[in-house]
Amino acid sequence: MPVIGSRNIPALQCGLAVSVSVGLVGLWLWSGSRHIIPVDPWLSLDAPSGCRVDDTGSKEFTDEYTNKALWAGGTKLADLKPSDFFSYGDWEKRASRISLSGRGSDIGPRTTPGLNFLADVIREHHITSMIDVPCGDANWQFEAWETEAIPVYLGLDIVKPLIDFNKRRFEHHANKHFHVWDMSACKFPRFIKSGNRRSTPFQLIHVRDVIQHLPLQRGLNALANVMNSGCDFAVMTTFPNGKNGHVKEMMYYEANLGAPPFDAIVPKPIKCIESHFKQTNFTHESDLTCLYRCIPTRRLSAM
């Protein structure tokens, strides 16, 4: 496993680019116009003009994590330490760990199908780079070898305090990077290996349980950015029987990626599974986790 030369990576609101020393290979992330700001020998930032986190969405989601904590049963981000994500040999503690991102992100029946599906995709398609958006508190994603050991993982989320926490928690991981990002307002980043002048898109983008919490236009923008990112594949959740409609930020509806207006952007899935195992004490959601091929759309993406 390569070793990163520097982990002191400041977070920008959006359009952020990073270069870090990964063994003998440098890694740069970039988005949009190439405005490179050198910070130190290992790190540069790229912040294209006009691309900023949506203030309304950022405040709503940040308030949930830092103040309301309704999703996490009252557990607030400020109350957590990175060590809280370790069981110290207590298997029951590990199995019952509650996610800040909601009960749908707890370890166990609510995430096991999606985790195994994601691991299968990485293995079968020889994926070496992925974007996970929104990454949330990364409570369950690394419970599989394929996701834990992928050479380049980039977790993006609109909540800055959460990204700052993830950076502290995974500071010793050479392959994991976290940054504040608004997937509706900003094009997805690419990376460049040192010695290679050409940028490389991330092969896989993982989009789980987010479109149904966004206003319709922001959901459309986000999906257009996914399809225009240059990725090979996207793993995304969809409600095949859902009816698409307008909601306020953070509210909920059953977003159907196979129905208008999303079907003008998102192709038919390659394969799907049920996202959750059925449980007697848990309201079963009817969403599917599906694999899509990334096909560029003419719909205008974000800046």
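Residues numbered from 1 in each chain as written. Predicted model: local features only at pLDDT ≥ 70, side-chain atom pairs only at ≥ 80, totals over all residues. Heavy atoms only, no water.

**Q** Tell me what's going on with the overall build of the chain, and back it up with residues and numbers.
**A** Helix and strand content of the chain: six helices and 13 strands. The buried share among the 303 residues of the chain stands at 53%. Pairs at least 24 residues apart make up 68% of the contacts formed inside the chain by residues separated by at least 6 positions. Of the roughly 14,000 Å² that the chain leaves accessible, carbon and sulfur atoms contribute 55%. (Helix = DSSP H or I, 4+ residues; strand = E, 2+ residues; numbered from the N terminus. Buried < 20%, exposed > 50% of the residue type's maximum accessible area, 1.4 Å probe, protein only. Contact = heavy atoms within 4.5 Å. Areas by Shrake-Rupley, 256 points an atom, 1.4 Å probe, with all protein chains shown as cover.)

**Q** So what's going on with the nonpolar core? Which residues, and what values?
**A** A general trend in soluble globular proteins is that nonpolar side chains are found buried together. Core analysis: the biggest nonpolar cluster contains 36 residues, and Val-207, Ile-211, Val-226, Met-236 and Phe-262 have the highest contact counts within it. Of all elements in the fold, only β6 (152-157), β10 (204-207), α6 (216-227), β11 (233-238) and β13 (288-293) reach the threshold of two or more residues within this core. If sequence neighbours within four positions are ignored, Val-207 has contacts with Val-133, Met-183, Val-226, Val-235, Met-236 and Thr-237. By size, the runner-up hydrophobic cluster in this structure holds 19 residues, among which are Ile-150, Tyr-153, Phe-170 and Phe-233. (Core = buried A, V, L, I, M, F, W, Y, C linked by side-chain atoms within 4.5 Å.)

**Q** Please set out the state of the cysteines residue by residue, giving values where relevant.
**A** Evaluation of the coordinates by the stated rule reveals two disulfides. Sulfur-sulfur distance for the disulfide between Cys-231 and Cys-294 comes to 1.9 Å. Handedness here is read from the sign of the S-S torsion; for Cys-231 and Cys-294, about -95 degrees, the answer is left-handed. Placement of the pair is Cys-231 in the loop between α6 and β11 and Cys-294 in the segment after β13, with a sequence separation of 63 residues. Among the residues examined, Cys-231 registers a relative accessible area of 5% and is labelled buried. Here Cys-294 falls in the buried class, since its relative accessible area comes to 10%. (Disulfide = S-S within 2.5 Å.)

**Q** Please set out the packing of aromatic side chains residue by residue, giving values where relevant.
**A** On inspection of all chains with the given rule, the structure shows five aromatic pairs. Residues Phe-142 and Tyr-153 carry aromatic rings whose centres are separated by 4.8 Å and whose planes lie at 75 degrees to one another, so their mutual orientation is edge-to-face. Of this pair, Phe-142 sits in the loop between β5 (129-132) and α4 (145-148) while Tyr-153 sits in strand β6, and the two are eleven residues apart along the sequence. Taken individually, Phe-142 and Tyr-153 each receive the classification buried, so the pair is uniform in this respect. Members of the aromatic cluster, connected to one another through ring pairs, are Phe-142, Tyr-153, Phe-170 and Phe-178. (Phe/Tyr/Trp six-rings, centres within 6.5 Å; stacked < 30°, edge-to-face > 60°.)

**Q** Let's hear about helix α3 (residues 112-124): which residues, and what values?
**A** Taking 1.5 Å per residue, 13 residues should reach 18 Å; α3 reaches 18 Å between its end C-alpha atoms and fits that length. Buried residues of α3: Pro-113, Gly-114, Leu-115, Phe-117, Leu-118, Ala-119, Val-121 and Ile-122, and no others. Buried residues along α3 sit against β5, α4, β10, β11, β12 (271-274) and β13. (Expected span 1.5 Å × (residues − 1).)

**Q** Can you lay out the sheet that holds β13 for me, pointing to particular residues and giving the numbers?
**A** Taking strand neighbours across the sheet as the criterion, the seven strands line up as β7-β6-β5-β10-β11-β13-β12 in an open arrangement whose pairing is mixed. Of all the strands in the sheet, just β7 (176-180) and β12 have a single pairing partner and so form its edges. Taking the axes of each pair of neighbouring strands and ignoring which way they run, one obtains an average angle of 20 degrees across the sheet. Direction of pairing for β12 relative to β13: antiparallel, over a ladder of four bridges. (Pairing = 2+ DSSP bridges. Axes fitted to C-alpha atoms, helices over the stretch in contact; angles between N-to-C directions.)

**Q** Could you give an account of the side chain of Arg-169, naming the residues involved and the relevant values?
**A** Its place among the elements puts Arg-169 in helix α5 (residues 160-169). An unpaired buried charge is present at Arg-169: no salt bridge exists, and Asp-137, the closest side chain of opposite charge, is 5.8 Å distant. Within the local environment of Arg-169, its side chain forms a polar contact with the backbone oxygen of Asp-137, the two atoms lying 2.7 Å apart. Residues contacting Arg-169, with those up to four places away along its chain left out, are Pro-82, Phe-85, Asp-137, Ala-138 and Asn-139. (Lys, Arg positive; Asp, Glu negative; His and termini not counted. Salt bridge = Lys/Arg side-chain N within 4 Å of Asp/Glu carboxyl O. Polar contact = N/O pair within 3.5 Å; in protein donor to acceptor, adjacent residues only side chain to side chain.)

**Q** Summarise the environment of Thr-62; cite the residues concerned and give the values.
**A** Mapped onto the fold, Thr-62 is located in helix α1 (residues 55-68). Sequence separation between Thr-62 and Lys-160 is 98 residues, and the spatial gap between their C-alpha atoms is 7.5 Å.

**Q** I'd like to hear about the pairing of β11, residue by residue, with values.
**A** Across the six residues of β11, six count as buried, placing the element largely inside the fold. By the alternation rule, side chains of β11 split into Phe-233, Val-235 and Thr-237 and Ala-234, Met-236 and Thr-238, which are all buried. Of the strand pairs in this sheet, β10 and β11 are connected by four bridges, and their pairing is parallel. Within β11, the position partnered with Ile-205 by the bridge is Ala-234.

**Q** Which residues make up unusual backbone geometry, and what are the values?
**A** If a residue is not glycine, its phi is most likely negative; likewise, a peptide bond is most likely trans. In this model, Val-133 is joined to Pro-134 through a cis peptide bond whose omega is -5 degrees. For Pro-134, the position within the fold is in the loop between β5 and α4. A cis amide bond, omega 0 degrees, links Pro-260 with the succeeding residue Pro-261. Its place among the elements puts Pro-261 in the loop between β11 and β12.

**Q** Any details on the confidence of the model for the chain? Residues and values, ideally.
**A** Predicted confidence across the chain gives a mean pLDDT of 77, with 68% of residues reaching 70 or more. Across residues 15-26 the pLDDT falls below 50, and counting only partners more than four positions away or on other chains, this stretch makes 56 contacts in the model. This stretch, residues 35-49, has a pLDDT under 50; its non-local contacts, to residues over four places away or in other chains, come to 47 contacts. (pLDDT = per-residue confidence, 0-100.)

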